[in-house]
Amino acid sequence: TVLVANTGAGEATDVVLDDHLSPYTAWSLDAFGAATPFEFTDGAPSSALTLGTASYSDDGGGSYAYTPTSTGGGAPAGYDGAVTNWKIPMTGTMGSGGSFTLKYKVRVE
């Protein structure tokens, strides 16, 4: 679970979330339902943001053209061990004090 909060006095624009995953993990494709790897929960006050389309890398973030697949990288069904990074552009402008949580799951290999 990641908590994102705008603790500054101004607005946050062009927000992009990204993460580099450990090489000892496998990405969960369906953590929160079929083809739903993320769970977004808006905060109070509202972040005024929505999730954009996630993109994935299998080369340490060199490119983001990878499409995760079940058993990818030799992982168990429902996981992809080849995912090294992910990023999500957010839509909207986050006002001062806005927050949200983002959940995702990985399997430690």
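Summarised in this report is the structure supplied together with it. Every value quoted in this text rests on a predicted model; they were computed, and no experiment measured them.

## A closer look at the overall build of the protein
Next, step 1: Broken down by element type, the protein carries 0 helices and 10 strands.
Next, step 2: Along its sequence from the N terminus, the protein presents helices and strands in the succession β-β-β-β-β-β-β-β-β-β.
Next, step 3: If one aligns the C-alpha atoms of the protein with their principal axes, the spans along those axes are about 45 × 30 × 20 Å.
Next, step 4: When burial is assessed residue by residue, the protein has 32% of its 109 residues classed as buried.
Next, step 5: Intrachain contacts of the protein at a sequence separation of at least 6 include 74% that bridge at least 24 residues.
Next, step 6: Approximately 5800 Å² of the protein is accessible, and the part contributed by carbon and sulfur atoms is 52%.
Next, step 7: Side chains of the protein carry 4 positive and 11 negative charges; the gap between the two charge centres is 9 Å.

## Let's talk about the sheet that holds strand E1 (residues 2–5)
Next, step 1: The strand order across the open sheet formed by 3 strands is E1-E9-E4, and the pairing between neighbours is antiparallel. Single-partner strands in this sheet number two, and they are E1 and strand E4 (39–42). Each strand axis lies, on average, 20° off the axis of its neighbour in the sheet, ignoring direction.
Next, step 2: Direction of pairing for E4 relative to strand E9 (residues 99–103): antiparallel, over a ladder of 4 bridges. Bridging from a neighbouring strand, Asp 42 pairs with Phe 100 of E9.

## Description of the pairing of E9
Next, step 1: One ladder, built from 4 bridges, connects E1 with E9; its direction is antiparallel. Looking at E9, one finds that Val 4 is bridged to Phe 100.

## Things to note about the environment of Gly 92
Next, step 1: For Gly 92, the position within the fold is in strand E8 (residues 85–92).
Next, step 2: Along the primary structure Gly 92 and Ala 34 are separated by 58 residues, whereas in three dimensions their C-alpha atoms are 26 Å apart.
Next, step 3: The residues contacting Gly 92, other than those within four sequence positions of it, are Ala 12, Ala 48 and Leu 49.

## What about the side chain of Asn 6?
Next, step 1: Tracing the chain through its elements places Asn 6 in the loop between E1 and strand E2 (16–20).
Next, step 2: A relative accessible area of 11% places Asn 6 in the buried class.
Next, step 3: At 3.4 Å, the side chain of Asn 6 and the backbone oxygen of Gly 95 are in polar contact.
Next, step 4: When residues no more than four places from it in sequence are discounted, the contact partners of Asn 6 are Glu 11, Ala 12, Met 94, Gly 95, Ser 96, Gly 97 and Gly 98.

## Looking at the side chain of Thr 25
Next, step 1: Its place among the elements puts Thr 25 in strand E3 (residues 25–28).
Next, step 2: Residue Thr 25 is classed as buried on the basis of its relative accessible area of 11%.
Next, step 3: For Thr 25, the side chain forms a polar contact with the main-chain oxygen of Ser 22, separated by 2.8 Å.
Next, step 4: Setting aside anything within four residues of it in sequence, one finds Thr 25 in contact with Gly 81, Val 106, Arg 107, Val 108 and Glu 109.

Rules used throughout
- Residues numbered from 1 in each chain as written.
- Predicted model: local features only at pLDDT ≥ 70, side-chain atom pairs only at ≥ 80, totals over all residues.
- Heavy atoms only, no water.
- Helix = DSSP H or I, 4+ residues; strand = E, 2+ residues; numbered from the N terminus.
- Buried < 20%, exposed > 50% of the residue type's maximum accessible area, 1.4 Å probe, protein only.
- Contact = heavy atoms within 4.5 Å.
- Areas by Shrake-Rupley, 256 points an atom, 1.4 Å probe, with all protein chains shown as cover.
- Lys, Arg positive; Asp, Glu negative; His and termini not counted.
- Charge placed at Lys NZ, Arg CZ, Asp CG, Glu CD.
- Pairing = 2+ DSSP bridges.
- Axes fitted to C-alpha atoms, helices over the stretch in contact; angles between N-to-C directions.
- Polar contact = N/O pair within 3.5 Å; in protein donor to acceptor, adjacent residues only side chain to side chain.

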